[in-house]
Amino acid sequence: PASLPEFALAPDERRVVARVTLPDGATRALWLFDGIRPEGTRLTYDGRPTRPMWALDGRHVYFTDVTGNNFALRTLATAEPPSPTTITSKPAFRR
């Protein structure tokens, strides 16, 4: 079964954004659950999103992400279709 190691309750207290991690540990994505439907909506498909946090307006989610060798702070609108926007990015690892 998948795990939900991180989640955040929306300001309206009716929706939850959660990081869903599959048993392989390498596959993770952010999902939106609204408490009305039994299934959720997948919000991310790329990278390794983590630390979801709602904006005060309840319409956007912020999260950190590592894609390749880049660490980024991203935001996405929870309306359809979700499309992440990079706020800032820098190399993830320095050698």
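Residue positions within a chain follow its written sequence, with the count starting from 1. Local features are withheld for residues below a pLDDT of 70 in this predicted model, meaning they are given only at 70 or higher, and side-chain atom pairs are given and counted only at 80 or more; totals for whole chains, interfaces and linings count all residues. With hydrogens and water excluded, all non-hydrogen atoms of the structure serve as input to the side-chain values.

1. Quick word on the pattern of salt bridges
Close approach of charged atoms allows side chains with opposite charge to pair.
Now for step 1: By definition here, a salt bridge exists when the distance from a side-chain nitrogen of Lys or Arg to a carboxyl oxygen of Asp or Glu is within 4 Å. Tallied over the entire structure, the rule returns five salt bridges.
Now for step 2: The partner of Asp57 in a salt bridge is Arg59, with the nearest N and O atoms 3.7 Å apart.
Now for step 3: Its salt-bridge partner being Asp65, residue Arg74 comes within 2.9 Å of it at the nearest N-O pair. Here the two residues Arg74 and Asp65 agree in accessibility, since each one is buried. Think of it in three bands: residues with accessible area under 20% of the maximum for their type are buried, residues over 50% are exposed, and the middle band is partly exposed, with areas taken using a 1.4 Å probe on protein chains only.

2. Things to note about the environment of Tyr45
Now for step 1: Strands are runs of DSSP state E lasting at least two residues, helices are runs of H or I lasting at least four, and both sets are numbered from the N terminus onward. Note that Tyr45 resides in the loop between β4 (41-42) and β5 (50-54).
Now for step 2: On the basis of relative accessibility, which here comes to 60%, the residue Tyr45 falls in the exposed class.
Now for step 3: Considering only alpha carbons, one finds Tyr45 and Arg28, 17 residues apart in sequence, at a separation of 8.3 Å.

3. Structural notes on the sheet that holds strand β2 (residues 16-21)
Now for step 1: Read from one edge to the other, the open sheet built from four strands follows the order β1-β2-β3-β4, with strand pairing classed as antiparallel. Either end of the sheet is taken by a strand with one partner, and the two such strands are β1 (3-9) and β4. For two strands to pair, DSSP has to find at least two bridges joining them.

4. A look at unusual backbone geometry
Now for step 1: Its identity is not glycine, yet Glu13 carries a phi of approximately 60°, on the positive side.
Now for step 2: Overall, Glu13 belongs to the exposed group, its relative accessible area being 61%.
Now for step 3: In this model, Arg51 sits at a positive phi of 55°, which is unusual for a non-glycine residue.
Now for step 4: Relative to the assigned elements, Arg51 resides in strand β5.
Now for step 5: Arg51 gets classed as exposed once you look at its relative accessible area, which sits at 54%.

5. Quick word on the nonpolar core
Now for step 1: Buried residues of nine kinds, namely Ala, Val, Leu, Ile, Met, Phe, Trp, Tyr and Cys, make up a nonpolar core once their side-chain atoms join them within 4.5 Å. In terms of nonpolar packing, the biggest core is built from ten residues, these being Ala8, Ala10, Val17, Leu30, Leu32, Leu43, Trp54, Val61, Phe63 and Leu76.
Now for step 2: When residues of this core are traced back to their parent elements, those giving at least two are β3 (28-33) and β6 (60-67).
Now for step 3: Contact between two residues is taken to exist if any of their heavy atoms lie within 4.5 Å; hydrogens are not considered. In this structure Trp54 touches Ala8, Leu9, Ala10, Pro11, Arg15, Val16, Val17, Leu32, His60, Val61 and Thr78, once residues within four positions along its chain are discounted.

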